[in-house]
Amino acid sequence: MASSRKLNVLMVGSGEYVTGYTVAGGSKSDKKIGVVGLTLFDLRRLGKVDKLSMVGVNGKRFPEIRQHLSDKIKDVYKDMDISFTSYPDDKSADPEAYKTAIDALSPGDAVIIFTPDSTHYPIAAYALNKKLHVQVTKPATQKLEHHQHLIELAEANGVVCTVEHHKRFDPAYADAKGKAKLLGDFNFFSSWMSQPKTQLETFRAWAGKDSDISYYLNSHHIDIHSWIMGDKGYPVKVTASASAGIATSDPINCVPQTEDTITLLVDWVLAGKESTHKGTAVYTASWTAPTTQGIHSGQHFHYMGSKGDIAIDQAHRGYDYTIDGEGRSFVNPFYMKYTPSDSGHFDGQHGYGYISIAKFVDWALAVNSGEVESPAVFDKQDLPTIRNTVLTTAILEAGRISLDEKRSVGIERTAEGKWKLV
């Protein structure tokens, strides 16, 4: 059985968000040294995490990954142990290696999943059935039925299962959620999230094949909007539209079905006022944005209620940075702070990218120690648990169906309390 004082964690996935390393080498994005691995190495330094392991598909990449982590983390931050057990071995490739890695854990240990969208469900289900705490990156799953099955598995096995919706821990977004309560009935929401077309060099292996830009980026603001709404309303219809032609052309050359930009038009109704009060949401995501905007991710939203509105631009925080030969960059240190402290240690514990993972570790430890009676406690605290994020998956899958079948898709709640698409 896992220790109640420190958590053993398996990282499933070895790419950009975990290590800062991609198939093309070191990442050129704002995650040059990753988020997940760095956070867990620091949590081990702080005494919350014990043994770490990492699993990918191609074990032959691990020597390069270890060198990258040594150069970018061990040699930069004081007292940082970057050791981990890797699967498969350095001479093998195995798409099923996650099972071997998970089998090496004990009940009460934890798994953090950052892999292509289509793999989230089988990996998470395998881990939950082993009584392991699970955090999965967004989108939790691509299908509503799979998301609802993970809810059942987490409950049956008495473990924590959360979705890594880190924007909930951005202080501006969290404050906006609180202020939205003062704005009366919901009326309108719009969001934009983009990444530069160069990011498709990293995503070419799965873009348009296993997932789309709506699953990848719209998932952020759909969750924020659903979080703001809480039990005050719910979506009832989704109509999707997409542009195409950039991702499939030179020099990117993704598969022919790859969309550039996807917009979801979603009808919401207010709980208890379904016949009289309706709201509209427009969520747009693109991975073909310009490459010289000074930002990696364009991201903003506008929320309007019957008594006022809120607008947040997460990409421009009033902080810009210019260096010869690179031009001007707009910096968001609220996400991850990579510059060391005066003592030479990692100093990014207050970034919402870090907090999202650290909170999951805290919740798993609280369950292991008996500090909380049941993981269901976190559902009631409005946290990004697998149960509290189900409507995000419902909207995303409805959008995919709408594009594929060229129709609007309805969302309904069954007599048993589950959600279904019609």
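Use the structure listed above.
What this report covers is the structure whose coordinates are included nearby. Keep in mind that this is a model prediction, so the values were computed, not measured. Along each chain, residues carry numbers from 1 onward, in the same order as the chain's sequence is written. Local features in a predicted model are, by the rule used here, given only for residues with pLDDT of at least 70; side-chain atom pairs are given and counted only at 80 or more, and totals for whole chains, interfaces and linings are based on all residues. The basis for every side-chain value is the complete set of non-hydrogen atoms in the structure, without hydrogens or water.

## Re the overall build of the protein
Tallying secondary structure elements over the protein gives 12 helices and 18 strands in all. Radius of gyration: C-alpha atoms only; globule rule: 2.2 Å multiplied by the number of residues to the exponent 0.38. Its C-alpha atoms give the protein a radius of gyration of 21 Å, near enough to 22 Å, the size a compact globule of 422 residues would have. Seen along its three principal axes, the alpha-carbon backbone of the protein occupies a region of about 60 × 55 × 40 Å. Contacts were defined at the residue level, with two residues in contact if any of their heavy atoms lie within 4.5 Å. A separation of at least 24 residues holds for 73% of the contacts in the protein among residues at least 6 apart in sequence. Of the accessible surface of the protein, which amounts to about 17,900 Å², a share of 51% is contributed by carbon and sulfur atoms. Only DSSP runs of H or I covering at least 4 residues are called helices, and only runs of E covering at least 2 are called strands; the numbering of each starts at the N terminus. Surface accessibility follows the Shrake-Rupley procedure with a 1.4 Å probe radius. Residue values consider only the protein chains on display as shielding.

## Let's talk about the environment of H277
Locating H277 in the fold gives a position in the loop between β11 (261-270) and β12 (278-289). Only protein chains enter the accessibility calculation, which uses a 1.4 Å probe; a residue is then buried when its area is under 20% of its type maximum, exposed when over 50%, and partly exposed in between. Its relative accessible area of 30% is what places H277 among the partly exposed residues. In this structure the C-alpha to C-alpha distance between H277 and G233, which are 44 residues apart in sequence, comes to 9.7 Å. If near-sequence neighbours (up to four positions away) are discounted, H277 is found in contact with D185, V269 and L270. What qualifies as a polar contact is a pair of N or O atoms within 3.5 Å, subject to a donor-acceptor requirement within protein and to the restriction that residues adjacent in sequence count only when both atoms come from side chains. A polar side-chain atom of H277 sits 2.8 Å from a polar atom in the side chain of T276.

## Overview of the pairing of strand β13 (residues 298-305)
Here strand β9 (residues 186-196) pairs with β13 via 8 bridges, running antiparallel. Residue F188 lies in a different strand from β13, and its bridge partner there is M304. In this description, strands pair whenever DSSP reports at least two bridges between them. Here β13 pairs with strand β14 (residues 308-313) via 6 bridges, running antiparallel. Bridge assignment links G305 to a residue of β14, and that residue is G308. What sits between β13 and β14 in their antiparallel hairpin is a turn of 2 residues.

## Comments concerning a nonpolar patch on the surface
Exposure above 30% relative accessible area and no salt bridge define the residues that can form patches, which grow by joining like charges within 9 Å and nonpolar side chains of Val, Leu, Ile, Met, Phe, Trp and Tyr within 5 Å. Salt bridges are defined as contacts in which a side-chain nitrogen from Lys or Arg sits within 4 Å of a carboxyl oxygen from Asp or Glu. A contiguous nonpolar surface patch, about 290 Å² in accessible area, is contributed by Y319, Y321 and I323. Mapped onto the secondary structure, Y321 falls in strand β15 (residues 320-323). What makes Y321 partly exposed here is its relative accessible area of 44%.

## With respect to the pattern of salt bridges
Applying the stated rule across the entire model yields 21 salt bridges. Between K418 and E152 there is a salt bridge whose closest N-O contact spans 2.5 Å. On the criterion of sequence distance, the pair formed by K418 in the loop between β17 (409-413) and β18 (419-421) and E152 in helix α6 (residues 144-157) is long-range, its members being 266 residues apart. Given the relative accessible area of 37%, E152 is considered partly exposed. The salt bridge partner of K177 is D382, with a shortest N-O separation of 3.1 Å. In this pair, K177 sits in helix α7 (residues 171-180) while D382 sits in the loop between α11 (376-380) and α12 (390-405), placing the two residues 205 residues apart along the sequence. A relative accessible area of 32% places D382 in the partly exposed class. What emerges from the salt-bridge pattern is a single network uniting D212, E259, R400 and D404.

## Structural notes on the sheet that holds β18
The sheet built from 8 strands is open, its strands ordered β14-β13-β9-β12-β11-β10-β17-β18 with mixed pairing. Edge positions in the sheet fall to β14 and β18, since each has one partner strand and no second. With direction set aside, neighbouring strand axes in the sheet form an average angle of 15°. Note that β11 and β12 share 9 bridges and pair antiparallel. Note on β12: the bridge partner recorded for L265 is V282. Orientation is described by axes fitted as lines to C-alpha atoms, over the contacting stretch for helices, and by angles from 0 to 180 degrees between their N-to-C directions. Here α12 sits on the sheet in contact with β10 (233-243), β11, β12, β17 and β18, set at roughly 40° to β10.

## Considering the nonpolar core
If you look at the biggest cluster of nonpolar residues, it comprises 79 residues, and the most contacted ones within it are V111, L264, Y283, F301, Y303 and I395. Of all the elements, helix α9 (residues 213-229) adds the most residues to this core, at 9 residues. Setting aside its immediate chain neighbours within four residues, Y283 contacts F189, S191, N218, H221, I222, H225, I262, T263, L264, V266, W268 and I395. Here, nonpolar core refers to any group of buried Ala, Val, Leu, Ile, Met, Phe, Trp, Tyr and Cys residues whose side-chain atoms link them within 4.5 Å. V18, F346, I357 and V361 belong to the second-largest nonpolar core, a separate cluster that totals 46 residues.

## Things to note about the packing of aromatic side chains
Here the aromatic set is Phe, Tyr and Trp, taking the six-membered ring for Trp, and pairing holds for ring centres within 6.5 Å; pairs whose planes are under 30 degrees apart are stacked, those over 60 apart are edge-to-face, and all others are tilted. The full count for this structure, using the stated rule, is 18 aromatic pairs. Ring geometry for F186 against W268: centres 6.5 Å apart, planes inclined by 75°, an arrangement best described as edge-to-face. Note that F186 is positioned in strand β9 and W268 in strand β11, a separation of 82 residues in sequence. F186 gets classed as buried once you look at its relative accessible area, which sits at 4%. The class for W268 is buried, based on a relative accessible area of 1%. Where W363 meets F378, the ring centres are 5.6 Å apart and the plane angle is 35°; that geometry is what we call tilted. Highlighted residues: W363 in helix α10 (residues 352-369) and F378 in helix α11, separated in sequence by 15 residues. For the pair W363 and F378, one class covers both residues: buried. Two thresholds decide whether a charge sits over a ring: the Lys NZ or Arg CZ must be within 6 Å of the ring centre and within 35 degrees of the ring normal. R66 extends its terminal NZ or CZ atom over the ring of F84, reaching a point 4.4 Å from the ring centre. The lysine or arginine in question, K138, covers the ring of Y216, its NZ or CZ lying 4.0 Å from the ring centre.

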